[in-house]
Amino acid sequence: MLRLAYDLHIHSCLSPCGDKDMTPANIVAMAKLKNLDVIAVTDHNSCKNCPSVLKWADEYDIIAIPGMELTTREEVHVLCLFSELPAAMEFDAYVYEKLIKVPNHEHIFGAQEICDADDNVTAAEPYLLINATNIAFDELDKLMEEFAGIYIPAHIDKNSNSLLYNLGFIPDEAGFKTAELASLARYPELSALHPYLARCKIISDSDAHYLGYINEAENFIECNARSRRSVIEALSGTQ
């Protein structure tokens, strides 16, 4: 088993709440400085900066997982991660059709910048990405099977946009195998209240919107191999 340092919840300059310095190259370079092995850039309802992130990650010898932070119909935030970029981009197109379309006003919400492989800003997403989509939480098991991905309820211990806060419970039929906590210290309390969590792998990520907030190499995941597929298998409980 390999022990890999991870941060699987990072926002780029494509998220309106992300700092403009959060370009793909800058994110990967900072992850390298912080000795991370695995990262995922998970912008709100979009994977459009993932191709550039993966390109820079290859150059820096970091495993980059393509993904997004989906906002469901119930306004629950969920990390959707994929072992292959084409599957992520197909899911991106599907989510875009389901996004509630409201024009982004940069002076209010912030810019939503798409970067090319050379880290140049080439486009701006016109619709506000932090809106909800018309995708229900209970659709995610089927969707992730269709798009060959996994889903992880994000920051479930937070008092906004989380599975426990917005829904108030974990559906018995839910199929996720990993959950994210903002604070690992709350795991004993939450697992006692929600026994489903005792069956889950628990991760904690930075949810970084600024370069300095990306995690140090302090959280680890055990994988069979140093690859995107092995990381996804570890998170899905299939390795």
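Structural data are supplied above this passage.
Notes on the structure in this doc start here. Bear in mind the structure is a predicted one, so any value in this text is a computation, not a measurement. (Residues numbered from 1 in each chain as written. Predicted model: local features only at pLDDT ≥ 70, side-chain atom pairs only at ≥ 80, totals over all residues. Heavy atoms only, no water.)

Turning our attention to the overall build of the protein chain. Across its full length, the protein chain carries eight helices and ten strands. Relative to the globule expectation of 18 Å for 239 residues, the C-alpha radius of gyration of the protein chain, 16 Å, shows essentially globular dimensions. In terms of overall dimensions, the protein chain has a C-alpha envelope of 45 × 40 × 30 Å along the principal axes. Looking at the protein chain as a whole, 56% of its 239 residues are labelled buried. Sequence separation of 24 or more characterises 71% of the internal contacts of the protein chain that already satisfy a separation of 6 or more. (Helix = DSSP H or I, 4+ residues; strand = E, 2+ residues; numbered from the N terminus. Rg over C-alpha atoms; globule rule 2.2 N^0.38 Å. Buried < 20%, exposed > 50% of the residue type's maximum accessible area, 1.4 Å probe, protein only. Contact = heavy atoms within 4.5 Å.)

What follows covers unusual backbone geometry. For E75, which is not a glycine, the phi torsion comes out positive at approximately 65°. Relative to the helices and strands, E75 resides in the loop between β3 (63-71) and β4 (77-82). We classify E75 as partly exposed; its relative accessible area is 41%. In this structure, H155 is a non-glycine residue whose phi angle is positive, near 30°. Summarising the element assignment, H155 is placed in the loop between β7 (149-153) and α6 (163-167).

Attention shifts here to the nonpolar core. C80, F91, Y151 and F176 are the most contacted members of the largest nonpolar core, which totals 31 residues. Counting only elements with at least two residues in this core, the list comes to β3, β4, α3 (85-98), α5 (140-146) and α6. Broken down by element, this core gets its largest block of residues, four residues, from α3. Look past the residues within four positions of C80 in its chain and what remains in contact with it is P66, G67, M68, L70, F91, M144, I150 and Y151. (Core = buried A, V, L, I, M, F, W, Y, C linked by side-chain atoms within 4.5 Å.)

Read from one edge to the other, the open sheet built from six strands follows the order β7-β4-β3-β2-β1-β10, with strand pairing classed as mixed. At either margin of the open sheet sits one strand with a lone partner, and together these are β7 and β10 (220-223). Sheet twist, expressed as the mean angle between neighbouring strand axes with direction ignored, is 30°. Here strand β1 (residues 2-10) pairs with strand β2 (residues 38-44) via three bridges, running parallel. Following the sheet pairing, Y6 is matched in β2 by V38. (Pairing = 2+ DSSP bridges. Axes fitted to C-alpha atoms, helices over the stretch in contact; angles between N-to-C directions.)

Don't take any of this as a statement about function, it's just geometry.
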